[in-house]
Amino acid sequence: MYVRDMPDVHPTALIASSARLAADVSVGPFTVVHEDVEIGAGSRIGSHCSIGEPTPNAEGRALVIGAGAHIRSHSVVYQGSTFGSGLTTGHHVTMREGLVTGLGLQVGTLSDLQGRATIGDYVRLHSNVHIGQLSRIGSFVWIFPYVVLTNDPHPPSDGHHAGVKVEDFAVIATMSTVLPGVRIGARSVIAAHALVRRDVEPDTLVAGVPAKSLGAASRVQLSDGSGPAYPWTRHFHRGYPPELVSEWSAAQGPESAS
Amino acid sequence: MYVRDMPDVHPTALIASSARLAADVSVGPFTVVHEDVEIGAGSRIGSHCSIGEPTPNAEGRALVIGAGAHIRSHSVVYQGSTFGSGLTTGHHVTMREGLVTGLGLQVGTLSDLQGRATIGDYVRLHSNVHIGQLSRIGSFVWIFPYVVLTNDPHPPSDGHHAGVKVEDFAVIATMSTVLPGVRIGARSVIAAHALVRRDVEPDTLVAGVPAKSLGAASRVQLSDGSGPAYPWTRHFHRGYPPELVSEWSAAQGPESAS
Amino acid sequence: MYVRDMPDVHPTALIASSARLAADVSVGPFTVVHEDVEIGAGSRIGSHCSIGEPTPNAEGRALVIGAGAHIRSHSVVYQGSTFGSGLTTGHHVTMREGLVTGLGLQVGTLSDLQGRATIGDYVRLHSNVHIGQLSRIGSFVWIFPYVVLTNDPHPPSDGHHAGVKVEDFAVIATMSTVLPGVRIGARSVIAAHALVRRDVEPDTLVAGVPAKSLGAASRVQLSDGSGPAYPWTRHFHRGYPPELVSEWSAAQGPESAS
């Protein structure tokens, strides 16, 4: 156990004997890969990480990291989660057991995913995002720094927890708190530094403490006057697969400016 | 100096010659235990930690960690603090010098205890909590993610600092800021995303920016109608010693539903 | 490559062959110093750091750390930034490429500098500060915990980003969010837990969500009645060079109480 001779594994890295790494996976110095871990082809693990951190809560489930992952230094990923291919993380990230995520998840530096949550495809979490247990996040969601998705309506309690549901293409801006059980509708936008206590309808902009509706998100205009800012798929395509972008453009019809 | 042959110390861990570890303490890979550290029986230290980080501010005082501690990976604990038995931490925690804490303290991932503070028994800090210097936290307190306890009334200043006082059984919910010198009364509840500028009376619920009283905390009902949510000792007992729970139940009288 | 025999480099540290360290630099256990790094005389690097983290975005620029730096454990500093002498950081800090900073920068534990930003002389960032790309921070600025400087007016977008500008001697208190393109005037004070959407004039105190002016910052009095709290240079001098303090005192005239 511990220490494996593979071409791209740094000699100081410790790899458990039962870990299943594709032949071309690279692992940085001083990283530990524990038992019951599977890492897909082409993945890169940075220095000082703990991958497959053991916990009895994983109930024997492995950690499965899909192909093409890039996990940056000082990150901790627990046993018992499954990540689709194309996972990218920043530094100092913590991701606990019971996560099931889709393709192309991006998790920013210092983000803390508490586990027992589902995340769809191509979700992007910026730095220092806190995802409480029981969260259900759709696809193409953006969450910005210092956002907290909570789950306990009268903390501390047991048996009353309800996760936040964030629907496809929704955006939650910096320093917003979402209370337990709230549903953030598709294509909606939560402005910065808001406290969201009630459900937000699809395509709605909300702001404030507590958050109130300011109207349709799709009425927000880009600051250069080039068209609507939301849904962001009209103008922002960086890093998404070309076939998705074509699909989005087609859905928007001939008036699309993108 | 550095490198010690003990059965549960990983061979890559570095243990200072003067460190006093009980015989059954386990230490993970790539962890450094510095001079002037005492760790009690049955404790577990994760990987990539720095335990007993030196500082002149410790003025020669040792770091004392009571029995049964569990410190998770990438945590930094300074010289010059004393932790009662049963300490548990998440990952990436920083705890500076001059802390004196009671039994069973839980400190969540990414929390930052700035030192020179006192904490009572069975306090639970969730992820990413910031405890400023001079804080005085009672027993059975709960503090949730992204809460900051401040201490400087006109930053930056010297000689005007005043810590926050949090009394027994109080709860501070997510993303709240407590201003310097404020006293949070016993069994009170600070709602999420609040700015607390004034003292909060015992058994009081406050919310908002700035925070205002919404009445007695003990009037908040559990969402399933099973009774009062506060004080939480009526319905939440997970992880507390049975004798304490018995004491709480007795104090609540025959109408208690727990 | 990797592993260098220098008197103050811990034997477990890995130092790239091309890294240029002054002869008296100390490096802690399990730290990695990558290629294209220059570290000035008298600097101390803690344990478990990654210094000169490679990124294609650095476009071949080195990481230059001036003399007398103290970088604490678990910090990550990218290629492609230049730090003036006297840099001090806390633990678990991340500083990305494209930063250009002046003398005596202090960066607190868990702070996240996203890169592509300028910072003047003697700036002090407390714990857990988030500096977005394109920020322009003057000299003698103070930023307190959980402050976020943003840059995207309708996230996510491309080509519309505008950094925050913070002028000399300004203070931003805990848990405040500053929206894109906002200018924080010289000697102004942002109170805790504020949302700053509009420019703040010099010497102005603002507070609230959204933030509103409460008048001149220089009218705020120290709580002991000893005089004005702002500009803080009137009463707070800890850690600044004596010649600067003399200059500040002279500028304040004979009525200065400091």
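Every chain is numbered independently, its residues counted from 1 as its sequence is written. Going through the entries in the order they are written, you letter the chains from A and number the ligands from 1. Reporting of local features is limited, given that this is a predicted model, to residues whose pLDDT is at least 70; pairs of side-chain atoms are given and counted only at 80 or more, and all residues count toward the totals for whole chains, interfaces and linings. Calculation of side-chain values draws on the structure's entire complement of heavy atoms; hydrogens and water are dropped beforehand.

Helix and strand assignments follow DSSP, with helices taken as H or I runs no shorter than four residues and strands as E runs no shorter than two, numbered in order from the N terminus. Helices and strands together make up the secondary structure of chain A, namely one helix and 30 strands. Taking 258 residues into account, the globule formula puts the C-alpha radius of gyration at 18 Å, and chain A, at 19 Å, falls close to it. In terms of overall dimensions, chain A has a C-alpha envelope of 60 × 45 × 25 Å along the principal axes. Accessible area is worked out with a 1.4 Å probe on protein chains only. A residue is then buried under 20% of its type maximum, exposed over 50%, and partly exposed in between. Counting every position in chain A, which comprises 258 residues, the buried fraction comes to 61%. Only C-alpha atoms enter the radius of gyration; for comparison, a globular chain is expected to reach 2.2 Å times N to the power 0.38, where N is the number of residues.

Let us now look at the interface of chain B and chain A. For interface size, the figure often reported is the accessible area lost on association. Taken together, the contacts link 36 residues of chain B with 41 residues of chain A. Taken together, the two surfaces of chain B and chain A that pack against each other cover about 2800 Å², and 65% of this comes from carbon and sulfur. Once two parts are brought into contact, the accessible area they lose, counted with a 1.4 Å probe and summed over both, makes up the buried area. A per-residue breakdown of the area chain B buries against chain A is headed by B:Phe30, B:Tyr146 and B:His193, which together make up 21% of the total. Take a side-chain nitrogen of Lys or Arg and a carboxyl oxygen of Asp or Glu: if they are within 4 Å of each other, that pair is a salt bridge. There are one salt bridge connecting chain B and chain A. Residue A:Asp158 pairs with B:Arg238 through a salt bridge whose shortest N-O separation is 2.9 Å. Pairs of N or O atoms are called polar contacts if they sit within 3.5 Å, as long as, within protein, a hydrogen donor faces a hydrogen acceptor (for residues adjacent in sequence, only side-chain-to-side-chain pairs). Across the contact surface, chain B and chain A share 13 residue pairs in polar contact (both at pLDDT 80 or more). Class assignment for the residues of the side of chain B that touches chain A results in 16 nonpolar, 17 polar and three charged. Any two residues whose heavy atoms approach within 4.5 Å are treated as being in contact. Classes in brief: Ala, Val, Leu, Ile, Met, Phe, Trp, Tyr, Cys and Pro nonpolar; Asp, Glu, Lys and Arg charged; the others, Gly included, polar.

This part is about the sheet that holds strand E5 (residues 37-39) of chain B. Residues and elements named next belong to chain B. Only when DSSP finds a minimum of two bridges between them are two strands counted as paired. The sheet built from nine strands is open, its strands ordered E2-E5-E8-E11-E14-E17-E20-E23-E26 with parallel pairing. Edge strands, defined here as strands with exactly one partner in the open sheet, are strand E2 (20-21) and strand E26 (183-184). In terms of strand pairing, E5 meets strand E8 (residues 63-65) through three bridges, oriented parallel. Along E8, the bridge assignment pairs Ile39 with Ile65.

Before going further, it helps to examine the nonpolar core. Residue and element names in this part refer to chain A. Take the buried Ala, Val, Leu, Ile, Met, Phe, Trp, Tyr and Cys residues and link them wherever side-chain atoms come within 4.5 Å; each set so joined is a nonpolar core. Counting 54 residues, the largest nonpolar core has Ile51, Ile143, Leu149 and Ile184 as its most contacted members. For this core, the secondary structure elements donating two or more residues are strand E5 (37-39), strand E8 (63-65), strand E17 (117-119) and strand E28 (195-196). Those residues in contact with Ile143 that sit more than four places away from it in its chain are Arg124, Leu125, His126, Val129, Ile131, Ile137, Leu149 and Ile172.

Further remarks concern the relation of the copies chain B and chain A. We place the copies in one frame by least squares, fitting the C-alpha atoms of every residue whose pLDDT is at least 70 in both. Superposing chain B onto chain A takes a rotation of 120° plus a shift of 0.0 Å along the axis, which leaves an RMSD of 0.0 Å. One copy is carried onto the other by what is essentially a three-fold rotation axis.

What follows covers the domain arrangement of chain A. All names here are of chain A. For the domain bounds, the source is a domain assignment made automatically or taken from a database. Domain annotation for chain A reports domain 1 (14-223) and domain 2 (224-258). Just the C-alpha atoms count here: the centres of domain 1 and domain 2 sit 24 Å apart. For the domain 1 and domain 2 pair, buried surface summed over both sides reaches about 1400 Å², with 65% attributable to carbon and sulfur atoms. Considering only the side of domain 1, the residues that lose the most area to domain 2 are Tyr122, Arg124 and Leu222, jointly responsible for 37% of the buried surface there. Taken together, the links from domain 1 to domain 2 amount to zero salt bridges. Grouping the constituent residues of the side of domain 1 that touches domain 2 by class yields nine nonpolar, three polar and two charged.

Time to look at the confidence of the model for chain A. Note on scores: pLDDT gives the predictor's confidence for each residue, bounded by 0 and 100. Counting all residues, the mean pLDDT for chain A is 95, and 96% of those residues have values of 70 or more. Reported confidences for the modelled complex are a pTM of 0.96 and an ipTM of 0.95.

Here we take up the interface of chain C and chain B. Opposite the 36 residues of chain C that make contact, chain B presents 41 residues. Three residues stand out in chain C for area buried against chain B, namely C:Phe30, C:Tyr146 and C:His193, and they jointly supply 21% of the buried area on that side. Between the two partners, chain C and chain B, sit one salt bridge. For the pair chain C and chain B, the interface holds 13 residue pairs in polar contact (both at pLDDT 80 or more). Class assignment for the residues of the side of chain C that touches chain B results in 16 nonpolar, 17 polar and three charged.

This part covers helix H1 (residues 242-252) of chain C. Residues and elements named next belong to chain C. Looking at H1, one finds that the buried residues are Leu244, Val245, Trp248 and Gln252. Looking straight down H1, one finds its buried side chains confined to an arc of 100°; they lie on one side. Away from its buried face, by an angle of more than 90 degrees, H1 presents the exposed residues Pro242, Glu243, Glu247 and Ala250. Directions are taken from the helix axis to each C-beta atom, and the arc is the one they span.

Moving on: the pairing of strand E29 (residues 204-207) of chain B. Residue and element names in this part refer to chain B. Two elements, strand E27 (residues 189-190) and E29, share two bridges in a ladder whose sense is parallel. Residue pairing for E29: Ile190 is matched across the bridge by Val206. With four bridges joining them, E29 and strand E30 (residues 212-216) adopt antiparallel strand pairing. In the strand pairing of E30, Val206 is matched with Ser213. The antiparallel pairing of E29 with E30 creates a hairpin that spans four residues between the two strands, and Gly208 there sits at a positive phi of about 105°.

Turning to the side chain of C:His160, a few remarks are in order. Relative to the assigned elements, C:His160 resides in the loop between strand E22 (148-149) and strand E23 (165-166). Accessibility expressed as a relative area gives 14% for C:His160, which makes it buried. Reaching out from C:His160, the side chain makes a polar contact with the side chain of A:Asp224 at a distance of 3.2 Å. Not counting chain neighbours up to four residues away, the residues in contact with C:His160 comprise A:Leu222, A:Ser223, A:Asp224, A:Ser226, C:Pro153 and C:His154.

On to the packing of aromatic side chains. Between 30 and 60 degrees the pair is tilted, below 30 it is stacked and above 60 it is edge-to-face, where a pair is any two Phe, Tyr or Trp rings, Trp via its six-membered ring, whose centres lie within 6.5 Å. Within this structure, the stated rule accounts for 45 aromatic pairs over all chains. Seen from their ring centres, B:Tyr122 and B:Phe140 are 6.0 Å apart, and the 10° between their planes marks the pair as stacked. Of this pair, B:Tyr122 sits in the loop between strand E17 (117-119) and strand E18 (124-125) while B:Phe140 sits in the loop between strand E20 (136-137) and strand E21 (142-143), and the two are 18 residues apart along the sequence. What makes B:Tyr122 buried here is its relative accessible area of 18%. Pairwise contacts between aromatic rings join A:Tyr122, A:Phe140, A:Trp142, A:Phe144, A:Phe169, A:Trp232, A:Phe236, A:Tyr240 and A:Trp248 into one cluster.

Moving on: the pattern of salt bridges. Residues and elements named next belong to chain A. Scanning the model with the defined rule gives 15 salt bridges over all chains in all. Among the ionic pairs, Arg20 bridges to Glu38, the shortest N-O distance being 3.4 Å. Of this pair, Arg20 sits in strand E2 (residues 20-21) while Glu38 sits in strand E5, placing them 18 residues apart in sequence. Residues joined by salt bridges that share partners form a network here, namely Lys165, Glu167 and Arg183.

Turning to its location among the elements, C:Leu244 is positioned in helix H1. Taking the C-alpha atoms as reference points, C:Leu244 and C:Arg187, 57 residues apart in sequence, are found 16 Å from one another.

What follows covers unusual backbone geometry. Cis geometry marks the peptide bond from B:Tyr230 to B:Pro231; its omega dihedral reads -5°. With respect to the helices, strands and loops of the structure, B:Pro231 is situated in the loop between E30 and helix H1 (242-252). Following C:Val209, the chain continues into C:Pro210 via a peptide bond in cis, with omega recorded as -5°. Checked against the element boundaries, C:Pro210 lands in the loop between strand E29 (204-207) and strand E30 (212-216). Positive phi outside glycine occurs at B:Leu134, with the angle close to 75°. Turning to its location among the elements, B:Leu134 is positioned in the loop between strand E19 (130-131) and E20.

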